[in-house]
Amino acid sequence: MEYLKKAKTVTLAQAQEVSALVARILADVRARGLDAVREYSQQFDHWAPATFRLDPSDIEGIVASVDPQAKADIAFAQAQVRTFAEAQKASLRDVRVEPHPGVVLGHRHIPVESVACYVPGGRYPLLASAHMGIITARVAGVSRVIALTPPMGGKPNPATIAAIAMAGADEIHLVGGVQALAAAAYGTKELARVDMLVGPGNAFVAEAKRQLFGEVGIDLLAGPTETLIIADDSADAEMIAVDLLGQAEHGPDSPCILITLSRRLGMETIGEVERQLASLETAAIAGVAWRDHGEVIVVKDDAEAVHVADRIASEHVQALTRNTDYYLANLRNYGALFLGPMTNVAFGDKVIGTNHILPTRGAARYTGGLWVGKFLKTCTFQQITDARSSALIGQYGSRLCALENFAGHKRQTDLRVERYGERAPSPWRRAASRGQ
């Protein structure tokens, strides 16, 4: 493995600075509620309205102001997301089995009751996140779905509000950042607390979700966008550079990595990235991401490419190779996989129908992206209706409880054996009957 270009590393001090600031904001919002939310919103977004919640009449007016073609395009993208989410929901089923006569075990998929979906704004109006969070929650059966989105330039972004409303949010709160997530997790005078937070965001939003986990549920740690391309000599530098920079423009902290089986292609890509940056409108952002977080790695074969990619566990992985089936079969750690030159990460981000809320920072090692199942609690149930089976399970349970020295547990099992089986009363029952 050879590095033609290597990224800078994030220092521990930088990470600790983000963590400490987030912790202070969360503690303040927890203590002072809406007053703290308003102060931080003013500080970070220059936005401190009388109420953050948009009135239905305001929403209606904002949506009406959006160009009809834009709304048609939003509707198309939302239809793709809904179709795929419904297919995911259909793949789930409740379970009921009877391993012994009258012993019934099962599970049910129960939707979370309330969810806050974060729709980022800031540098870009990421209205596609409205589809990914709100529609998926709705398909899962969540009862109350609210949206949190920051203002842009001191006012709502019309396309974002249209996407949120068309997706079916029950409430829209025009507030962003750590303070928005804290308000939803702890509750304020105008925002009843939720059970779960979902959605992507910057490093501060991701850290807020991490610190709030336990207070509420979260989908996953979806921080600054990451992209990784695997390319052999069948790919071309122009397409690789376009696809790397297309994700690098998300932010100056977005990793963009090429793993290639061709050293020549790696060198050509480095040159092509610099050429394209000269005319890219978002070069001021993408250029910093490429400079600080861009990597080009040369490997000897497909197997080593898989090994390196799985170690990195990128949010997006793109295979621009002859044998895309090999990567589909062998890659294990990724948020979303894009196979072949006719697809790309932008399709997944905006319109193709799969969810773009995906794991970052190596979290793809242990979780996939947001999907219907993230909004469902898989809860088990059990019932015994046959006396002999209750006694049978009780006999095994009694001995196993004794191995762990759980006397109270053992009494639970012994009582069922006594009541429903054919054996003498347990010693503790005999002692109790004699008043000992």
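Structure's up top.
Residues numbered from 1 in each chain as written. Predicted model: local features only at pLDDT ≥ 70, side-chain atom pairs only at ≥ 80, totals over all residues. Heavy atoms only, no water.

Q: So what's going on with unusual backbone geometry? Residues and values would help.
A: A positive phi is found at A313, a non-glycine position, where the angle reads about 55°. For A313, the location among the structural elements is in the loop between α12 (302-312) and β12 (316-320). According to the relative accessible area criterion, A313 is buried, its value standing at 1%. Of note, the phi angle at R361 is positive, near 55°, even though the residue is not glycine. Inspection of the secondary structure assignment puts R361 in the loop between α14 (345-350) and β14 (376-384). (Helix = DSSP H or I, 4+ residues; strand = E, 2+ residues; numbered from the N terminus. Buried < 20%, exposed > 50% of the residue type's maximum accessible area, 1.4 Å probe, protein only.)

Q: How would you summarise the packing of helix α1 (residues 12-32) against helix α7 (residues 177-186) if you had to cite specific residues and measurements?
A: Where α1 meets α7, the closest approach of the two axes is 9 Å, and the angle between their N-to-C directions is 45°. Looking at the two axes, α1 sits oblique to α7. Judged by the twist between their axes, the crossing of α1 over α7 is right-handed. Contacts between α1 and α7 involve V22, I25, L26, V29 and R30 on the former and, on the latter, V178, Q179, A182, A183 and Y186. Looking at the contact of α1 with α7, its residues break down into eight nonpolar, one polar and one charged. (Axes fitted to C-alpha atoms, helices over the stretch in contact; angles between N-to-C directions. Parallel < 35°, antiparallel > 145°, perpendicular 65-115°, else oblique. Left-handed = near helix turned anticlockwise from the far one by under 90°. Contact = heavy atoms within 4.5 Å. Nonpolar A, V, L, I, M, F, W, Y, C, P; charged D, E, K, R; others polar.)

Q: Let's hear about the sheet that holds β14: which residues, and what values?
A: Read across the open sheet, the three strands follow the order β2-β3-β14; overall the sheet is antiparallel. Lying at the two open borders of the sheet, with one neighbouring strand each, are β2 (95-100) and β14. Direction aside, neighbouring strands of the sheet carry axes that sit 20° apart on average. Of the pairings in the sheet, the one linking strand β3 (residues 103-111) to β14 comprises nine bridges and is antiparallel in character. Note on β14: the bridge partner recorded for H109 is T378. (Pairing = 2+ DSSP bridges.)

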